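Okay, here's what each chain looks like letter by letter:
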Amino acid sequence: MRATTFLLPVVFLSSVLAWGRGEGGNTKSSFNNNNQEFALPAENRRFDYKQSLKKPFTYNGAMPFWGNHGNSFVASDFVRLSPSVPGLKGSVWRQAPNEYKEWEVEFQFKAFGQGHLGGKGLAFWYTKERAIEGDIFGSKDQWTGLGIFMDTADPANQRNNPVIYGIMNDGTKPFPSNPTANTNSFGGCLRDYKNTHVPVVIRVSYIDGVLKVSADTNSKGKKMMPCFEQKDLSLPVGYHFGFSAQAADHGNPDDHDLYAIEVYEVNPPKKDKAPLRPHEAEMKKKGEEVKVDQADQATFEAVKMIVEQQEAKLKEESDGPNLSPAQVAATVGDTQYRIIESLNSIHNKLETLGAPMQPPESSQKSLEDINHKINSMAASLHAMESVVQGLVDHIMAQGGIASQPDISKVLKEELSNLNAKMEDMDTRQSFQHRLTQNRLLNSTSWVSYVVFLILVQVVAVSAYTWYKKRLEMNEKKFL
């Protein structure tokens, strides 16, 4: 019995892996995606507010362009599709059909509750029918169109959830009892999107007959990882976007909340002419020249200048001050001088209180040790820079030019993390400096604290210098 229980998750996982590899179909899944490249949004897309749904979600007591059904209810900052009550279900559907041949949808949701059995889950729909309640994640079975399912159910207690997968239906096939082994299913990936601290972001794109699904569970859409891809798919214009969810009939059901729905038209047609201003068409018919009033022109220029100033300010805040190596060296020297000056003042106070003094030769020797350690740290920093440069060159040689934007993105995120850690280190350094001063008042030896404070300061400034050099190098190479 124990052996059988142990083999069940293994058998299921092997079937999911085979299903994720797309055996027998044109499906790619993230199960065999080892390069872990981020999924980028469509290059040429245009936001459509009439098909989207974002907070505050209601206007004059109603949801614009959308409608909620079943047991769902609308709050000011989220839409709860199904509460954590067994058997309850709800949905939201757009009132008008989609009119774009190529589109991209990004939505944010949370699924949270007690226990890992959970369920049933949440579904994204692009179907011919709309707002018909049923037992398939809160919507009808045998639908016509596409369903993307975020399934948290685990009735067999195999701990193989949560999972994301897609199913196409022509209106005649019932929902399979085992979706991972069904031939109508395509793609799939395991993503731990239950009980996350931030909303999970899912992107569904349909471009040139290819369906792509990607997910980000903890970075608010900044690190979208591919889930699966299905080629040669036909999703006609005129279907409806919708979302539904259903709570489990037994156990501990989950809450399913929507936080945002953003719909984009991909590759929109180019506008031949800009829209005419009031009375402009009439003036052109009369042969009159259309001129912009000088006061309006001055207003436009003033607004443009303000926008440019704000952009420069934001760039400076995000990138930090652009210090030259000479300025950095001057900053280091000034900081060291201030530290030594402060410690000399403390030393004089200790002498006044009758504390024993260090002999001059001991102080001279300590300063020599400090200089030696500083030079060693500088040499280590240069060696580390050489190693990082070699690693970047190796990545560029392996990945080619096509991977440069992704490498730049990863390096920028890592440098941002380093910047945050440096700020945290600066806070800790300030606290440690105050603590060290208090200890020096009751201590007979102060040379060790001089070494400690100078080393901490040098490490902080050296890390900042390395960060600025890496950022400048990345901007020159990849931007």
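Residues numbered from 1 in each chain as written. Predicted model: local features only at pLDDT ≥ 70, side-chain atom pairs only at ≥ 80, totals over all residues. Heavy atoms only, no water.

- The protein chain is annotated in an unreviewed UniProt entry as L-type lectin-like domain-containing protein of Linnemannia gamsii.
- The record held by UniProt for the protein chain lists under Subcellular location (unreviewed entry) the comment "Membrane". (UniProt positions renumbered as here; feature names shortened; annotations may be inferred.)

## Description of the overall build of the protein chain
So, step 1. A tally of helices and strands in the protein chain yields seven helices and 18 strands.
So, step 2. In the protein chain, which comprises 479 residues, the share counted as buried stands at 40%.
So, step 3. Restricting the contact set of the protein chain to residue pairs at least 6 apart, pairs at least 24 apart contribute 71%.
So, step 4. Just so you have it, the protein chain exposes about 27600 Å², and 55% of that area is on carbon and sulfur atoms. (Helix = DSSP H or I, 4+ residues; strand = E, 2+ residues; numbered from the N terminus. Buried < 20%, exposed > 50% of the residue type's maximum accessible area, 1.4 Å probe, protein only. Contact = heavy atoms within 4.5 Å. Areas by Shrake-Rupley, 256 points an atom, 1.4 Å probe, with all protein chains shown as cover.)

## Comments concerning unusual backbone geometry
So, step 1. The residue after Lys-55, namely Pro-56, is reached through a cis peptide bond having omega 15 degrees.
So, step 2. Locating Pro-56 in the fold gives a position in the loop between β3 (53-54) and β4 (66-70).
So, step 3. In this structure, Lys-220 takes a positive phi of about 60 degrees despite not being glycine.
So, step 4. Within the secondary structure, Lys-220 sits in the loop between β15 (210-216) and β16 (225-230).
So, step 5. For Asn-267, which is not a glycine, the phi torsion comes out positive at approximately 55 degrees.
So, step 6. Among the secondary structure elements, Asn-267 is positioned in the loop between β18 (255-266) and α2 (280-285).

## Concerning the pairing of β18
So, step 1. Counting buried positions along β18 gives eleven out of twelve residues, so the element sits mostly inside the fold.
So, step 2. As judged from the two bridges shared by β3 and β18, these two strands associate in the antiparallel manner. Among the inter-strand pairings, Lys-54 is bridged to a residue of β18, identified as Ala-260.
So, step 3. Summarising the sheet, strand β6 (residues 79-82) and β18 pair through three bridges and their orientation is antiparallel. Bridge pairing in β18 links Arg-80 to Asp-257.
So, step 4. In this structure, strand β8 (residues 103-112) lies alongside β18, joined through ten bridges in antiparallel fashion. Bridged to Phe-109 within β18 is Leu-258. (Pairing = 2+ DSSP bridges.)

## With respect to a nonpolar patch on the surface
So, step 1. Among the surface-exposed residues, Phe-47, Tyr-49 and Phe-65 lie close enough to one another that they form a single nonpolar patch of about 320 Å² accessible area.
So, step 2. Using a relative accessible area of 39% as the deciding quantity, one classes Phe-47 as partly exposed. (Patch = residues over 30% accessible without salt bridge, like charges linked within 9 Å, V, L, I, M, F, W, Y side chains within 5 Å. Salt bridge = Lys/Arg side-chain N within 4 Å of Asp/Glu carboxyl O.)

## Brief notes about the sheet that holds strand β9 (residues 120-127)
So, step 1. On the basis of which strands lie adjacent, the open sheet formed by seven strands has the order β4-β7-β17-β9-β11-β12-β13 and antiparallel pairing. Only two strands of the sheet have a single partner each, and these edge strands are β4 and β13 (185-190). The sheet shows a mean angle of 15 degrees between the axes of neighbouring strands, taken without regard to direction.
So, step 2. Looking at chain direction, strand β12 (residues 163-170) and β13 are connected through four bridges and run antiparallel. Bridging across to β13, Ile-164 finds its partner in Cys-189. (Axes fitted to C-alpha atoms, helices over the stretch in contact; angles between N-to-C directions.)

## Topic: the state of the cysteines
Here a disulfide denotes a covalent bond joining the sulfur atom of one cysteine to the sulfur atom of another.
So, step 1. By the definition in use, this model includes one disulfide.
So, step 2. Through a disulfide, Cys-189 is tied to Cys-227; the S-S separation comes to 1.9 Å. Measuring handedness by torsion sign, the sulfur bridge of Cys-189 and Cys-227 sits at about -100 degrees and is left-handed. In this pair, Cys-189 sits in strand β13 while Cys-227 sits in strand β16, placing the two residues 38 residues apart along the sequence.
So, step 3. Judged by its relative accessible area of 0%, Cys-189 is buried. (Disulfide = S-S within 2.5 Å.)

## Things to note about the environment of Ser-234
So, step 1. Assignment of secondary structure puts Ser-234 in the loop between β16 and β17 (240-247).
So, step 2. Not counting chain neighbours up to four residues away, the residues in contact with Ser-234 comprise Met-168 and Tyr-206.

## Some remarks on the side chain of Lys-110
So, step 1. By secondary structure assignment, the location of Lys-110 is in strand β8.
So, step 2. Buried and unpaired, Lys-110 has no salt bridge, with Asp-257 as the nearest side chain of opposite charge at 7.5 Å.
So, step 3. When sequence neighbours within four positions are dropped, the list of residues in contact with Lys-110 reads Thr-196, His-197, Val-198, Pro-199, Asp-255, His-256, Asp-257 and Tyr-259. (Lys, Arg positive; Asp, Glu negative; His and termini not counted.)

## Remarks on the pattern of salt bridges
Pairing is possible between side chains that carry opposite charge, provided their charged atoms lie close to one another.
So, step 1. Counted according to the given criterion, the structure contains ten salt bridges.
So, step 2. In this structure, the salt-bridge partner of Glu-262 is Lys-54, at a minimum N-O distance of 3.0 Å. Separated by 208 residues along the polypeptide, Glu-262 in strand β18 and Lys-54 in strand β3 bring together distant segments of the chain.
So, step 3. Note on Glu-262: relative accessible area 15%, which makes it buried.
So, step 4. One salt bridge connects Lys-194 with Asp-254, and the closest N-O pair in it is separated by 3.3 Å. One end of the pair, Lys-194, is in the loop between β13 and β14 (200-207); the other, Asp-254, is in the loop between β17 and β18, with 60 residues separating them in the sequence. The two residues Lys-194 and Asp-254 agree in class, both being buried.
So, step 5. The network of salt bridges with shared partners includes Arg-45, Glu-104, Glu-106 and Arg-203.

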